[in-house]
Amino acid sequence: MSRGGGRGGGRGGGRGGGRGAGIPGIQTFGPDAIQATFKNPGETYPDIILPVARPPTDEEGEMYIAMKKLQETLYSSPYYLTEPKKPGAITRYTDRYHQDQAAKRPKLDSIKSNKTFFPEELHSILDPKTVTKRRTVNSKFDISQINENEEDGDGEIDPETGLPKKTGDGDDQLDEEEYEDEEDEDDNDYADNYFDNGEGDDDDGDDGDGGDY
Amino acid sequence: MSTYENRLCRLIVREHFGPIVEKVAYVLIRKGRMPVGLIANFTALKPRQVRECLFVLIQHNLAVYAESQEKSRIVTYYEINHTELLHRVLIPKVLHSSQEWFERDGALIAQSLLTHGKLTITHCIEDILKSSGIAPGKTANQRTLSLTKAFTKMVKEKCLIAVRPSDSLTAADRDMAEEKRETDKMTLPPTAAELATIRKTLGAQKQAEQNSTIVGLKRRLDAMDDGYGEKRPRLLTDGDLVIVEEVETDVYFKVNFDRFIIRWRNVQIANLYEARLNPTAKTIMQTIMNLAEERMINCKEERSSPVSIMLLLNNLPKDTNLIDTLEFDPSDLGPNNSKPKIHECLDKYVQILEDDLMNILKKDAGRSGQYVINLKTASQILKKNLIQGIVSARFGAPYVRIMNMLADKGKLEEKQISRFSMMPVKDVREKLTTLCTFGVLNLQEVPKTKERTPSRTYYLWEVILSRAADTLTDRLYHTMGNLRQRRFVERSKRA
């Protein structure tokens, strides 16, 4: 592809006649190939003849300078995230000279960007004063309306994201309280976890002390 | 996503944004889309840090999000945009090209945009003035004007493209939301046929939108103004007013890598003709591509938009020498045997280009005098040349001979290959296996009997261009990852 053209296009290093220095000294193919196996993996760093790369062209030199400058800018920008160094127990002499870049970088909230690009949970990073509320979707399930119109329960659909729009949280709580009242009406503290209806009776009993739970 | 591609993506993020963003990005690259809580789990980072990393990634157009409803909560999922991430490898070339095409101002604008991800024109200019200072001979005003001019030019040529908030949502989610909007208008759920027609119309709308006017550019009438409008041709005059195109000040722009890639590819296609014909042919092809370039959106298109000969004639660079580089049959020239006119020369050149066996330039079927470039064949030829170059540099001439023969003649057996390439079968066998492990060749087994005994099957070798290109791309990713990793290790040893 033309994208890889700058790198691979027929200018590989070490071109030398027929089978030049492009092939390193170890034969990995052909009849006398050395195949690595579990027992004989071969040397970790076998001697190879490294091909010598051609010197960079002027264009490549310029590209390198431009990229280096960009990388330095990125390194000192707020986008490069690192953990700030914790001050150690002892202050050392070299602390003065090993400056902590993390402290010198500007903060993320000083970036000029627009909140609309980001989802709500990230708004507090751009503008620390935003308070993000936990978004819940209220699906009103009113029993009296169940016969009238089944579609009413979901509310409006937000055209951008295809999700129901948020509505108030008030009705949900009322419904929950009603359910809780019903449970308490049994008036029995251990209703759920005491009566086991014969399920715990099938222990073998032959294993000795297995009956004390 | 292959292992090497994932590793390269991770190392790119580490190079540009640091180790913490690298951890978050790696989890997203390997495991797909997930919400903040899950990312924090996998990376053992605090949620606040994860959110900052995601913020940085979205700011640089590398990540997108999607909100979905689960039971009663709305959960935001984040996903990495792999293509944008791999485009970051091209940044040095982008910086160099923006200097070449838009001069120093363009280079500064590109650098500022690449540092911040996306910026409005005012913020961009502020940033440049702050970081590069003002040359002693000029005032801040002049600098701002020249930067604004360069920025507008880049937007018009689509090297910078506008970013809208909807671009931060995943493409699939956007499509689904639009479909839902359409289907909600209907009372009954859609049948398969109706759904297909809806999808087609939405697809056509998207196509039209991409081809239409550039987002972020507005036109207004302005009094003819020296600093800004003096070199522009008068587009429409209403007394003293002239239509001036300006970039809107509250639209965010980012670098459009696709446009740079398209231009580089066009240059490569034109270069094909330089070796084959002559430099004038190359200039003509280059002009055709420049005229057709406006409508190209990305590299995957099959053919360019049509270009008429008249347009071509008007846009040829002034120093192309058409007349001297062609030889005309004396009988064609007419009774006076005078020098041929320019448009005759151009006609002849276009005829030669069209008749060339590469089949890249073709007549447009419907209209006369219009020509179309077949980008698909052109890119196939470029890929083939590149693969040949790689094989020749790495292995040598005999290997290339075998590869070329297989590419031309289709599937061949060992015996036939050794006969055609005039090499002993033992040699040929070794070379074939080498090329196969390298990834360029494919083996096809054709059994003669019901049991596939190796002695009774035909083994046919062939070159499948797309597979070869994919394998070599993977190798490239491997190498690039190795280089970056080595650089990190060596740098940390010396830090």
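Residues numbered from 1 in each chain as written. Chains lettered and ligands numbered in written order. Predicted model: local features only at pLDDT ≥ 70, side-chain atom pairs only at ≥ 80, totals over all residues. Heavy atoms only, no water.

1. Considerations on the overall build of chain B
This is how the line gets drawn: Only DSSP runs of H or I with at least four residues qualify as helices, and only runs of E with at least two residues qualify as strands; both kinds are numbered from the N terminus onward. Should any heavy atoms of two residues lie within 4.5 Å, those residues are considered in contact. Per-residue and other accessible areas follow the Shrake-Rupley method at a 1.4 Å probe size, with only the shown protein chains counted as cover for residues.
Helix and strand content of chain B: 20 helices and 11 strands. Long-range pairs, those at least 24 residues apart, make up 61% of the contacts in chain B with a sequence separation of at least 6. Accessible surface, chain B as shown: approximately 26,300 Å² in total, 51% of it carbon and sulfur.

2. Regarding the UniProt feature "domain: DNA-directed RNA polymerase III subunit RPC3 winged-helix" (unreviewed entry) in chain B
Convention followed: UniProt positions are given in the numbering used here, feature names are shortened, and annotations may be inferred rather than shown by experiment.
Mapped onto this numbering, the UniProt entry gives "domain: DNA-directed RNA polymerase III subunit RPC3 winged-helix" (unreviewed entry) at residues 387-463 of chain B. Between the C-alpha atoms that bound residues 387-463 of chain B the distance is 11 Å, and the span itself is 56% helix and 16% strand.

3. Comments concerning the packing of aromatic side chains
All names here are of chain B. We count it as follows: Classification of ring pairs rests on two measures: the distance between centres of Phe, Tyr or Trp rings, Trp counted by its six-membered ring, which must be within 6.5 Å, and the angle between planes, read as stacked under 30 degrees, edge-to-face over 60 and tilted in between. Burial classes: relative accessible area under 20% of the type maximum marks a residue as buried, over 50% as exposed, and values in between as partly exposed (1.4 Å probe, protein chains only). Put simply, a charge is over a ring when the Lys NZ or the Arg CZ is close to the ring centre, within 6 Å, and near the line of the ring normal, within 35 degrees.
One pass over the structure, following the stated rule, counts eight aromatic pairs over all chains. Aromatic side chains F395 and Y399 sit 5.0 Å apart centroid to centroid with 25° between the ring planes, which places their arrangement in the stacked category. On the accessibility criterion, F395 (4% relative accessible area) is buried. Overall, the relative accessible area of 1% leaves Y399 in the buried class. The structure contains a cluster of three or more aromatic residues connected by ring pairs, namely W101, F260 and W264. Sitting over the face of the ring of W264, K93 holds its NZ or CZ atom 4.8 Å from the ring centroid.

4. Observations regarding the sheet that holds strand β7 (residues 307-308) of chain B
Counted only if it meets this: Think of it this way: DSSP has to see at least two bridges between two strands before they count as a pair.
Strand order across the open sheet formed by three strands is β7-β9-β8 (chain B), with antiparallel pairing between neighbours. With one partner strand each, in any of the chains shown, β7 and β8 (361-363) of chain B form the two edges of the open sheet.

5. Regarding the packing of helix α18 (residues 414-421) of chain B against helix α19 (residues 425-438) of chain B
All names here are of chain B. Here is the rule: Orientation is described by axes fitted as lines to C-alpha atoms, over the contacting stretch for helices, and by angles from 0 to 180 degrees between their N-to-C directions. Orientation is classified from the angle alone, with under 35 degrees giving roughly parallel, over 145 giving roughly antiparallel, 65 to 115 giving roughly perpendicular, and any other angle giving oblique. Crossing handedness follows the turn of the near helix against the far one: under a right angle anticlockwise gives a left-handed crossing, and clockwise gives a right-handed one. Residues are sorted three ways: Asp, Glu, Lys and Arg are charged, Ala, Val, Leu, Ile, Met, Phe, Trp, Tyr, Cys and Pro are nonpolar, and all the rest, Gly among them, are polar.
Between α18 and α19, whose axes approach to 9 Å, the crossing angle comes to 110°. Taken as axis vectors, α18 and α19 run roughly perpendicular relative to one another. Judged by the sense of rotation from one axis to the other, the crossing of α18 with α19 is right-handed. Contacts between α18 and α19 involve E414, I417, S418 and S421 from the first element and V425, V428, R429 and L432 from the second. For the contact of α18 with α19, the class distribution of residues is four nonpolar, two polar and two charged.

6. Focus: the side chain of R7(B)
Residue and element names in this part refer to chain B. Stated precisely, the cut-off is as follows: Only four residue types enter the tally: Lys and Arg on the positive side, Asp and Glu on the negative side; His and the chain ends are excluded. Salt bridge, as applied in this entry: a Lys or Arg side-chain nitrogen positioned within 4 Å of an Asp or Glu carboxyl oxygen. Under this definition, polar contacts are N or O atom pairs within 3.5 Å; protein pairs additionally need one hydrogen-donor-capable and one acceptor-capable atom, and for neighbouring residues in sequence, both atoms have to be side-chain atoms.
Considering the arrangement of structural elements, one finds R7 in helix α1 (residues 3-17). Of the buried charged residues, R7 lacks a salt bridge, with D474 as the closest side chain of opposite charge at 9.7 Å. Within the local environment of R7, its side chain forms a polar contact with the backbone oxygen of H478, the two atoms lying 3.0 Å apart. For R7, the side chain forms a polar contact with the side chain of N482, separated by 2.7 Å. Dropping the residues within four chain positions of it, R7 is found in contact with H478, G481, N482 and Q485.

7. Section: the pattern of salt bridges
Residues and elements named next belong to chain B. This model, assessed by the stated rule, comprises 20 salt bridges over all chains. The partner of R10 in a salt bridge is E22, and the shortest N-O contact between them spans 3.0 Å. Placement of R10 in helix α1 and of E22 in helix α2 (residues 19-31) is noted, with a sequence separation of 12 residues between them. Relative accessible area serves as the criterion here: at 9%, E22 is assigned to the buried category. One salt bridge connects E15 with R484, and the closest N-O pair in it is separated by 3.0 Å. In this pair, E15 is assigned in helix α1 and R484 in helix α20 (residues 465-494), connecting sequence segments 469 residues apart. By the burial criterion, E15 is buried, and R484 matches it. Shared partners join several salt bridges into a network, and the residues in it are E157, R259, R263 and E293.

8. Overview of unusual backbone geometry
Glycine aside, a negative phi is what most residues show, and trans is what most peptide bonds show. Residues and elements named next belong to chain B. One non-glycine residue, E103, adopts positive backbone phi at about 60°. Within the secondary structure, E103 sits in helix α6 (residues 91-116). In this structure, K158 takes a positive phi of about 65° despite not being glycine. Along the chain, K158 falls in the loop between α8 (140-156) and β3 (160-163).

9. Comments concerning the confidence of the model for chain A
All names here are of chain A. Formally: What pLDDT expresses is the predictor's confidence in each residue, scored from 0 to 100.
Here chain A averages 64 in pLDDT, and 45% of its residues register 70 or above. Mean pLDDT across the secondary structure elements of chain A bottoms out at helix α1 (residues 5-8), with 40, and peaks at helix α2 (residues 58-75), with 92. A low-confidence stretch, residues 1-24 (pLDDT under 50), is modelled with 41 contacts involving residues beyond four sequence positions or located in other chains.

10. Digging into the packing of helix α16 (residues 375-394) of chain B against helix α17 (residues 397-409) of chain B
Residue and element names in this part refer to chain B. Remark: α16 packs on α17, axes separated minimally by 9 Å, with the N-to-C direction vectors making an angle of 155°. By the angle class used here, α16 and α17 are roughly antiparallel. In the crossing of α16 with α17, the sense of the turn from one axis to the other is right-handed. From α16, K384, I387, Q388, V391 and S392 reach across to α17, where they touch Y399, V400, M403, N404, A407 and D408. Across the contact of α16 with α17, the residue classes break down as six nonpolar, three polar and two charged.

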